[in-house]
Structures are given as C-alpha cells and as structure tokens.
Amino acid sequence: MKAIMRREVLNYLKRPLFWLVIVVVIIGVFQELNPYLNIHYITLEDEWSNGSLETVHKGEIFEGYLPVNTKEHRELGENAIYKSLISDFGMSSNEASTVILEMNGMEMKDAYTYLKEEYGYYNGEYTWEITAYRKGTMDEINSYIKEKLEEHPFSWYFSRKFADFTGLFMGFTATILFAFLFQQDMRKNT
C-alpha cells in the first residue's frame, strides 16, 4: 500500500498541471493577502480622504472607515433620516425635527414602523444599515489600529486571513485536480 501511495505522490510531482495549480494558489493567496501584509498607519490627512462616502454599510479600516458605537450610530441614522425627510418629503426643518424628536424614545425597529405607517418613509432600515461605519480622521484610524493590535498580535489577524484564503483556494484546487485524476483513471479503465 505504501508503494502505491508513494508512486501516486511521485506521479503528482511529475505533472505540470500540479505545479501550475500550486503557482496559481500561491499567487491568488498573495494577491488577496497583500493589503494585510503591512500595518498601514496613516501619516498624511490627504492620504485617507479619497472622496469616498462618509458612511457605509461595511467598511475596512485600510479604506478609512471605523465602526460606530450605538449612540453615534443612532445620531448618524437620525441625521440621515432628517435630511431625507426635508429633501424627499418636502418637510420643513421644524417638521422634520419634530419627527426625529418623536423617534427619540423608540427602539429603532419601532421607529422604522412609525416612519412607515405615519409618513410612508420606507428607507428607515436601509438608512440604519448604511450608517454602520463612518469615515474616520487620521488620528481616529491610527488609534483604532493601535488599539486592535494591542488586543491581539498582528500575526493573529494575518494567520486568520491566510487560513481563510488558503482554504478557499485549496478547495478550488482539489476540485480541479480531482477532475483531471478522474479523467486519467477513466482512460486507464481503472
């Protein structure tokens, strides 16, 4: 049995397809992990202001976005709803302020329902989602990176990303190699 296994491993090593797949996996993993290879502290204020949105649904720290806490999340969401009520519904600023004040004591789910039923405003949940991350300043981003790196070493974060992407690429590789091995076995009537 050992001789058969050894012969099959040597047959793998003789195939150009095997080496091609290994090279593709290495390049793919490197390409996906490239943004994580360096700890990128922002040194210039212009470096992070790349014209992207102020708030987003899901942002990365290396793109300049920070997760917001619950209080700040509520403020950003209410501010976006306030602006939308004025621009889309033609309310005056006093009327929009009154609506926001009525929402203050409510949970966000109740506030969405209230906005739907009373004013026909159906974008409450969407507005809440897109205000989950906000654009940070240079100092905020650098302190966030420093805080996270004190929590765990850089190798902990990098190894998790490496394992994720390597596993993904190896799954594709195994599928491709299985197809070629199956084809070879069918040719030999094994």
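By convention here, each chain's residues receive numbers from 1 onward along its written sequence. Since the coordinates come from a predicted model, pLDDT governs what is reported: local features require at least 70, and pairs of side-chain atoms require 80 or more to be given and counted, while whole-chain, interface and lining totals use all residues. In computing side-chain values, all of the structure's heavy atoms are included and hydrogens and water are not.

Regarding its fold elements, the protein presents nine helices and three strands. The numbering of helices and of strands both runs from the N terminus, where a helix is a DSSP run of H or I of at least 4 residues and a strand a run of E of at least 2. Ordering the α and β elements of the protein from the N terminus gives α-α-α-β-β-α-α-α-α-β-α-α. Taken across its 190 residues, the protein has 26% of its residues classed as buried. The Shrake-Rupley method, run with a 1.4 Å probe, gives the accessible areas here. Residue values count only the displayed protein chains as cover. Within the structure as shown, the protein displays about 13500 Å² of accessible surface, and the carbon and sulfur contribution to it stands at 60%. Exposed residues in this analysis have more than 50% of their type's maximum accessible area, buried residues have under 20%, and partly exposed residues fall in between, with area computed by a 1.4 Å probe over protein chains only.

For helix α4 (residues 70–89), which comprises 20 residues, the first-to-last C-alpha distance of 27 Å matches the rise-based estimate of 28 Å (1.5 Å per residue) to within 8%. Of the positions making up α4, those classed as buried are His73, Arg74, Gly77, Glu78, Ile81, Ser84 and Leu85. With its buried residues spanning 125 degrees around the axis, α4 presents them on a single face. Along α4, exposed side chains directed more than 90 degrees from the buried face belong to Lys71, Lys83 and Ser87. Glycine 90, located one to two residues past α4, shows a positive phi value of around 70 degrees. Multiplying one less than the number of residues by 1.5 Å gives the expected span of a helix. Here the arc refers to the set of directions running from the helix axis out to each C-beta atom.

Aromatic pairs are defined between Phe, Tyr and Trp rings, using the six-membered ring for Trp, whenever the two ring centres lie within 6.5 Å; interplanar angles under 30 degrees are classed as stacked, those over 60 as edge-to-face, and all others as tilted. Evaluation of the coordinates by the stated rule reveals three aromatic pairs. Judged by centre distance (5.3 Å) and plane angle (80 degrees), the ring pair of phenylalanine 18 and tryptophan 19 falls under edge-to-face. When its relative accessible area of 44% is taken as the criterion, tryptophan 19 is described as partly exposed. An angle of 25 degrees between the planes, with centres 6.2 Å apart, marks the rings of phenylalanine 178 and phenylalanine 182 as stacked. In this pair, phenylalanine 178 and phenylalanine 182 are both assigned in helix α9 (residues 154–187), four residues apart and thus about one turn of the helix distant.

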